[in-house]
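Analysis of the macromolecular model
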Amino acid sequence: MEAVSKKYSHKATGWRLFLKTIIARAYPRIIGQQREISWMVFEVVMPMLAVISYVFVYRALNAPEEYIGFVVMGGAMTAFWMNILWSMSSQLYWEKEQGNLALYIMAPNSMMAILLGMALGGMLATAMRAIAVTLLGMLMFGVTFTVSSYLQLFLVFMLAMVALYGMGMMMASAFLMFGREAWHMANLAQEPIFLASGFYFPIKSLPFWVAAGASVIPLTLGMDAMRQLIFPTGFQFGFMTVQLEIYILAALSVVFLVTAKFLLARVEKLAVREGRITESRR
Amino acid sequence: MSSSLAIETKDLGRIYKLRGSKKETRKELVALEGVSLTVERGELFGLLGPNGAGKTTLIKILTTLLSPTSGWARVAGADVNAEPESVRPRINMVSGGESSGYGLLTVRENLWMFSQFYGVPSKEANERIEALLEMVGMKDRMHTKSSDLSTGLRQKMNIVRGFLTEPEVLFLDEPTLGLDVGAMRDVRRFILEWLKADKERTLLLTTHYMMEADELCDRVAIINKGKVLACDKPSVLKQRLQKDALFEIEVSPLNGLTQQMLVDQPEVTKAAISETETGAKLSLSLVEESALARVINLFTQKDVKVMNLSKREPTLEDVFVDLVGRSMAEEESNGSSE
């Protein structure tokens, strides 16, 4: 009986509640990764098959050896893009189907903290897959990395992740609002984005406007800058200078996060006004 | 919560705009109409009505998940529409048959996660989870993945989730839906213990189980087609039928006996026939007991044999029939065919 009569010493509010929510919502993603090892195998083996085929094609064509490293890095970064496109984007939709979305909205926490938690969890879980692909690539094809600036590399990677997951958060709200239509759009965009974002080759090889258009996807510029920073001759294949790419990635981060916040507020408003967004169709 | 009222609504209404094809004009569905209710702090208040009566719509409005199209509602002293951020830390909700949480997480982890969204300190949350799970008889399943739980255990986990955050006002929307008899009993006992532990706690329960409402609730509002038809203590609601004599009669065979024939008898105010495997069960409401002789006489004329006859006290089901003119089951099947 004491268990139901004793009061809690305190309850966190404000930014403490915000942080608690982020950590709590990231938890299922990180733990889920450990409990479902089969996902790990599937999501490492599949990108590796693409990496292997590109490596053989490049070697058959006598392409510069740097391309092998580009492909391995692209294979590793594919995991993040797949995570955004198929997991992060549809997450709010699945939360609705599961019955969690109404509970999230009804709780005193911020929905933005929920989305950030999803993003953080997804990012950490996917980082494991990306590391696995990189290590396999290094072992199988003898790829070596020579980092010219650790600080810049860290900055580029972090900005690319913030912008990418900001984009994922924005897409999560869009998927919830537009449902099946958004799903079809993502399906349609998957292959062209793989091509235009230069996952397996430097985007400098593409016509300028195609490469510039593809730069809206944060991984495009992120990968381009990272290739310049971890391969000694990488700068020869760079689309823009690393510094400029850092500025653009920072701008993209702000744009995507602000848009995500705006769309999320709109989704919440619509949910309360129309009552159908939190409704499961099951 | 300064006011003595935990929940207050005034002329609350909600109209849904139903989406059809683009050419069609949008249809409207009135889910709630002019609902005015007050629930005192410390009260266990029941909302009783068939599926589609508007119970869940009302709960959604009170839990800040849906805005009303007319009227207003206050929960824990704050307006649900204008100040949802003041209401949310003070409430929680559990729905029957919900599948919230994540299957890969254990029961403890799922509950811990939800407690964090309310800012509960981790250590205290874990202690409380253990204690609450023990109370609902689930402590041994604390480390079981929630995907491995049966429906009943999963619902018990959801119920613990609702109580875990120490809400001032808790909304239980059909919490015992789909549970077996034992689990239902556990849940009802737990609800009463939780309320007894703190006189400030308020609970609003929706159910279409009449017995549940009768057994648990201090007061009950009977709701149908979005309107509150009556609201009072179960005993007071039943008293309105106390003047009638209620009989249940099992007969075999029916031999063409109809509800209309029974109602046509003088002093028979209401009659319902439900067919059974061996014949039929009749529920009769008579102005006075002496009218029973005339009914039995009708049975003799139709060659209907009485297998069993009992007089009974009125229930909330009878109150519903009295107010609506149909049983709750009939109302539900009628509603679904409309």
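Residues numbered from 1 in each chain as written. Chains lettered and ligands numbered in written order. Predicted model: local features only at pLDDT ≥ 70, side-chain atom pairs only at ≥ 80, totals over all residues.

1. Structural notes on the overall build of chain B
- Counting secondary structure elements, chain B contains twelve helices and 14 strands.
- Over its C-alpha atoms, taken along the principal directions, chain B stretches across nearly 75 × 50 × 45 Å.
- Excluding contacts between residues fewer than 6 apart, the proportion of contacts in chain B whose partners are at least 24 apart in sequence is 71%. (Helix = DSSP H or I, 4+ residues; strand = E, 2+ residues; numbered from the N terminus. Contact = placed C-beta atoms within 7 Å.)

2. Focus: the packing of helix H7 (residues 150-178) of chain A against helix H8 (residues 180-196) of chain A
Residues and elements named next belong to chain A.
- Two elements in contact, H7 and H8, have axes separated by 6 Å at closest approach and are oriented at 130°. Classified by the interaxial angle, the pair formed by H7 and H8 is oblique. Of H8, the residues touching H7 (which contributes Ala174, Phe175 and Phe178) are Glu181, Ala182 and Trp183. (Axes fitted to C-alpha atoms, helices over the stretch in contact; angles between N-to-C directions. Parallel < 35°, antiparallel > 145°, perpendicular 65-115°, else oblique.)

3. Looking at unusual backbone geometry
- Residue Pro253(B) follows Ser252(B) across a cis peptide bond; omega there is -15°.
- Topologically, Pro253(B) is positioned in the loop between strand E11 (245-252) and helix H9 (259-263).
- Within the chain, Asn62(A) stands out as a residue other than glycine whose phi angle is a positive 55°.
- Assignment of secondary structure puts Asn62(A) in the loop between helix H3 (37-60) and helix H4 (66-98).
- Here the phi dihedral of Thr64(B) falls at roughly 70°; this positive angle occurs in a residue that is not glycine.
- Tracing the backbone through its elements, the reader meets Thr64(B) in the loop between helix H1 (55-62) and strand E4 (70-75).

4. Focus: the sheet that holds strand E1 (residues 5-18) of chain B
All names here are of chain B.
- On the basis of which strands lie adjacent, the open sheet formed by four strands has the order E2-E1-E4-E5 and antiparallel pairing. The open sheet has two edge strands, strand E2 (27-40) and strand E5 (78-79), and neither has a second partner.
- Strand direction decides the pairing type here: E4 and E5, joined by two bridges, are antiparallel. For Arg74, the partnering residue across the bridge sits in E5 and is Asp79. (Pairing = 2+ DSSP bridges.)

5. What to know about the packing of H3(A) against helix H6 (residues 111-141) of chain A
All names here are of chain A.
- The contact between H3 and H6 brings their axes to 10 Å, and the two run at 40°. Taken as axis vectors, H3 and H6 run oblique relative to one another. Viewed along their axes, H3 and H6 form a crossing whose handedness is right-handed. Residues Met40, Glu43, Val44, Pro47, Met48, Val51 and Val55 of H3 touch H6, and the partners they reach there are Arg129, Ala132, Val133, Leu136, Gly137 and Phe141.
- Of the residues in the contact of H3 with H6, the class split is ten nonpolar, one polar and two charged. (Left-handed = near helix turned anticlockwise from the far one by under 90°. Nonpolar A, V, L, I, M, F, W, Y, C, P; charged D, E, K, R; others polar.)

6. Things to note about the interface of chain B and chain A
- Contact with chain B, which involves 35 residues of that partner, is made by 36 residues of chain A.
- Elements supplying a minimum of two residues to the side of chain B that touches chain A: helix H3 (107-116), helix H4 (122-135) and helix H6 (181-197) of chain B.
- It is H4(B) that contributes the most residues to the side of chain B that touches chain A, five residues altogether.
- Split by residue class, the side of chain B that touches chain A holds 19 nonpolar, seven polar and nine charged.

7. A few points about the sheet that holds E11(B)
Residue and element names in this part refer to chain B.
- Strand order across the open sheet formed by four strands is E12-E13-E11-E14, with antiparallel pairing between neighbours. Since the sheet does not close on itself, it has two edges, and those belong to strand E12 (268-275) and strand E14 (305-312), each with one partner. On average, each strand axis in the sheet is inclined to that of its neighbour by 20°, with strand direction left out of account.
- Bridge count between E11 and E14: seven bridges; the pairing is antiparallel.

8. Remarks on helix H10 (residues 218-230) of chain A
- Here H10(A) spans 18 Å end to end across 13 residues, near enough to the 18 Å set by a 1.5 Å rise per residue.
- Counting buried positions over the 13 residues of H10(A) gives 13, a clear majority of the element. (Expected span 1.5 Å × (residues − 1). Buried ≥ 20, exposed ≤ 12 C-beta atoms within 10 Å, placed from the backbone.)

So, to be careful, I would describe these as geometric facts and stop short of saying anything about function.
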